[in-house]
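Residue-level listing of the chains:
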Amino acid sequence: MTRETPDSLEGADTTDAPTPRTDDQPSFLTDPHEWVRAKAIDDTATVPLPGLLIDEVIGQDEAVAVAKKAARQRRHLLLLGDPGTGKSMIAKAMAEILPDPEQNDILFEPEPKDANRPRVKVLPGGQGRGYLTEKAKTAKTWSRVFTVFEWTVALGLVALGVWAYFAFGGGVSAMILAVLTVMVAVFFLYVARQTRFKAVQMVPNLVLERPSGPAPAPYVDATGSHAGALLGDVRHDPFQSGGLETPTHQRVEPGAIHRADKGLLFIDEINVLRLDSQQALLTAMQDKQYAITGHSEKSSGAMVRTHPVPCDFILVAAGNMDVIDPDDTRYTGLHPALRSRIRGYGYEVYVRAVMDDDDDNRLKLVRFIAQEVRRDGQIPHFDGAAVAEVLREAQRRSGHSGKLTLRLRELGGLVRTAGDLARDEDAERVTVDHVLAAKRMSMSLEYQVTRRGIETTTAREALDIDGERVGTATGCTSIGTGETGEPAGVVVPVEADATVSSDRQKGGLFLGGGLEHDPSLRDPVSAVLKRLRGGDMAGIDVHAQAMLQQRDAPVGPLGAAVAIACLSALEDVPVRQDVCVIGALSVAGRLRAVDGVTQMIEAAADLGYRVAVVPKANEGDILLEHAYRDRIEVLVADRLVDALPHALAASRKKLDFIDNALTRRPAPRTA
Ligand SMILES: Nc1ncnc2c1ncn2[C@@H]1O[C@H](COP(=O)(O)OP(=O)(O)O)[C@@H](O)[C@H]1O
Ligand SMILES: [Mg+2]
């Protein structure tokens, strides 16, 4: 395919876009299937692939530029952003392009004066082994000399005893003398053994062996490491005395920070790293050396503390936005001092979750498919139509028209699933059918849960898609943030009723069924009711309740539906039951955009709703699967009053009356 010719686009293939277009996206491209044909992309096997991992990264141009700069200058890097957008990949790629450093071998040796403070020997890379062999040889020689000496003395003593026995002419006292000398000999042997053992124990412990001269920088992934694995540890010794113990320096183990010396240390999910570990990491970064102690408190290793061990690494840390603003109070996020250190001696970048749907980026996604096929090594390449279908999914998953998703881990999952299907059939190429089947198989958990929920939900009783009803309107919300997997739309009927208030002076709005949890819902709905009735609301209570099964789904997107249900109950106008009104409501009566509008419309269509009214602000985000396009009519409305004619089954006159009331403002005061 023609990767190197982005200019060739300026031809016939940008005309007539069948996908929805909005005015703020003038450079909208053709449907992927046509685009693929126009570009003559028919096989991903012919796509040229980059040699370096960093060049495989797609759509993260800023992050890649910064990573390259940070690698050149040996700076730290903090990468924040959505999961599966390439943060780990960039970190790994950065290690590849670090200038080749000269590295060190690390050995531990005993400190004769203090067994709990092993000494550290740092040697240029490649020399540790020689040093160790030398020391071991010396120890062996000494040990041999000792052996000879021991036996000479011991046998000498025995000989002395025998000689004494005869010299003293036998008898009991001579016998005792002889036995005594033999006992002394045995005792001597025992003591000498201990000493000889000590000599063997003097042999150093070579813990890090590196090549000599400049060599590729080490890359160490310390994600999820506990303190010992990160900072080094001292193993427990079950035999702590009696000549059986392992010498302390043999029990020392370097941590990830030490193994990353002169290289790159990567820590993903930095926000869940314990604060004391973050503190230690900071100290290590400042001092470029860090002493190893035992981390298990009950272990004999806890008393040990080595001399400082070098750990001159660059840190690449990754995380989601919790790093700066933790949702989960169990974690305190990124230690401010650590972040400040990274900022002071490095960079921080927010990676992208979407990129523009333009010619260049589509070509990059084609390359992405080829990369993933190569990386997998088992699945066949994709034909043109299969590529187009993946591109379409990339559009859809971005959640906005004119964009392509950069959550490429998940898109890679689709590529692999489609590839596996093709492989099962021994197909030579992955075809569009494989991709479509893979899409069906890779429905998110949220989607599966809600669709199964629909079958069993008790809210079904409130779902009656035919006819008209007073006080019941249908809205939609979604579950799943879309952080992983697609969010799933959930259809929610809202019921409302107006009653006489027990307090004649006041009226109220009572929200239930989950609606009460979102304080931002009350004001816009109250404003609608007050505009409708003005002072007459005194003495009337309006109750609204959502038939919501999923308790953690946000209720904000139900704003418009709640307002319509209340209004219907208050004015006694019926609501068309085949219409689903999606959108949050502002106090001024505007429909506000919601996340996951596409999935909401699809959920409504699945239940048989015939019309979906969505906020105008969401118009560009609707990327319905083809199968849905004929099943449901999608209308846009900017304000609640624009949605009413579609949702209410009322006469023109009544609608005009309501419209008037809702757009009415108190007369301005005159000066
Ligand atoms: N920007 C990208 N360019 C190319 N491939 C990507 C990109 N983002 C993710 N991938 C693919 O998804 C996989 C997982 O991405 P990863 O780097 O682990 O994401 P993160 O660390 O941001 O969660 C990568 O190994 C790669 O195959
Ligand atoms: Mg990652």
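Residues numbered from 1 in each chain as written. Chains lettered and ligands numbered in written order. Predicted model: local features only at pLDDT ≥ 70, side-chain atom pairs only at ≥ 80, totals over all residues.

1. Observations concerning the overall build of the chain
The secondary structure content of the chain amounts to 21 helices and 25 strands. In the chain, which comprises 671 residues, the share counted as buried stands at 42%. (Helix = DSSP H or I, 4+ residues; strand = E, 2+ residues; numbered from the N terminus. Buried ≥ 20, exposed ≤ 12 C-beta atoms within 10 Å, placed from the backbone.)

2. Side note on helix α20 (residues 640–647)
Every buried residue of α20 is accounted for by Leu640, Ala643, Leu644 and Ala647. For α20, the buried positions fall inside an angular range of 115 degrees around the axis, keeping them on one side. (Arc of directions from axis to C-beta.)

3. Concerning the nonpolar core
Counting residues in each nonpolar core, the largest one holds 93 residues, and the members touching the most others are Leu264, Leu265 and Val316. When residues of this core are assigned to domains, at least three fall in each of domain 1 (6–52 + 356–441) and domain 2 (104–126 + 209–350). In this structure, Tyr447, Leu529, Leu548 and Ile601 belong to the second largest nonpolar core, which totals 70 residues. (Core = buried A, V, L, I, M, F, W, Y, C linked by C-beta atoms within 7 Å. Domains from an automatic or database assignment.)

4. Considerations on the packing of helix α12 (residues 359–376) against helix α14 (residues 408–424)
In helix packing, the relevant descriptors are the interaxial angle and the interaxial distance, both defined with respect to the helix axes. At a closest axis distance of 10 Å, the pairing of α12 and α14 adopts a crossing angle of 65 degrees. The chirality of how α12 crosses α14 is right-handed. Residues Phe368, Ile369, Glu372, Val373 and Asp376 of α12 form the contact with α14, whose participating residues are Leu408, Gly412, Val415, Arg416 and Gly419. (Axes fitted to C-alpha atoms, helices over the stretch in contact; angles between N-to-C directions. Left-handed = near helix turned anticlockwise from the far one by under 90°. Contact = placed C-beta atoms within 7 Å.)

5. Let's talk about the sheet that holds strand β5 (residues 219–221)
Strand order in the open sheet made by the 5 strands is β5-β8-β11-β1-β12, with parallel pairing throughout. If you trace the sheet from one side to the other, it starts and ends with β5 and β12 (346–350), each paired once. Averaged over all pairs of adjacent strands, the angle between strand axes in this sheet comes to 15 degrees, irrespective of strand direction. By the bridge criterion, 5 bridges tie strand β1 (residues 76–80) to β12 in an arrangement that is parallel. (Pairing = 2+ DSSP bridges.)

6. With respect to the sheet that holds strand β3 (residues 119–124)
Read across the open sheet, the 3 strands follow the order β3-β2-β4; overall the sheet is antiparallel. Only two strands of the sheet have a single partner each, and these edge strands are β3 and β4 (205–208). On average, each strand axis in the sheet is inclined to that of its neighbour by 30 degrees, with strand direction left out of account. Direction of pairing for strand β2 (residues 104–109) relative to β4: antiparallel, over a ladder of 3 bridges. By the bridge assignment for β4, Leu107 is matched with Leu206.

7. A look at the confidence of the model for the chain
Counting all residues, the mean pLDDT for the chain is 86, and 89% of those residues have values of 70 or more. Scored below 50 in pLDDT, residues 1–27 shows 38 contacts in the model against residues more than four places distant or in partner chains. (pLDDT = per-residue confidence, 0-100.)

8. Observations regarding unusual backbone geometry
Even without glycine at this site, Ala40 takes up a positive phi of about 55 degrees. One non-glycine residue, Asp426, adopts positive backbone phi at about 55 degrees. The class of Asp426 is exposed, set by 7 C-beta atoms lying within 10 Å.

9. Some words on the site of ligand 1
Inspection of the region around ligand 1 gives 19 residues, with Ile58, Gly86, Lys87, Ser88 and Met89 positioned closest. For the shell around ligand 1, a count of residues per class yields 8 nonpolar, 7 polar and 4 charged. (Near = placed C-beta within 6 Å. Nonpolar A, V, L, I, M, F, W, Y, C, P; charged D, E, K, R; others polar.)

10. Some details on the environment of Gly539
Among the structural elements, Gly539 can be located in the loop between α17 (519–533) and β19 (540–546). Given 14 C-beta atoms within a 10 Å radius, Gly539 is considered partly exposed. Sequence separation of Gly539 and Ser501 is 38 residues, and the distance between their C-alpha atoms is 4.8 Å. Residues within four places of Gly539 in sequence aside, it is in contact with Val500, Ser501, Arg504 and Gly507.

11. Considering the environment of Arg305
As for its placement among the helices and strands, Arg305 is situated in the loop between β9 (289–290) and β10 (309–310). Of the residues examined, Arg305 has 18 C-beta atoms within 10 Å and is grouped as partly exposed. Not counting chain neighbours up to four residues away, the residues in contact with Arg305 comprise Asn116, Arg117, Ala291 and Thr293.

12. Observations concerning the environment of Arg235
Looking at the element boundaries, Arg235 is found in the loop between β6 (233–234) and α8 (248–251). If we skip the residues at most four places from it in the chain, Arg235 touches Arg251, Glu253 and Gly301.

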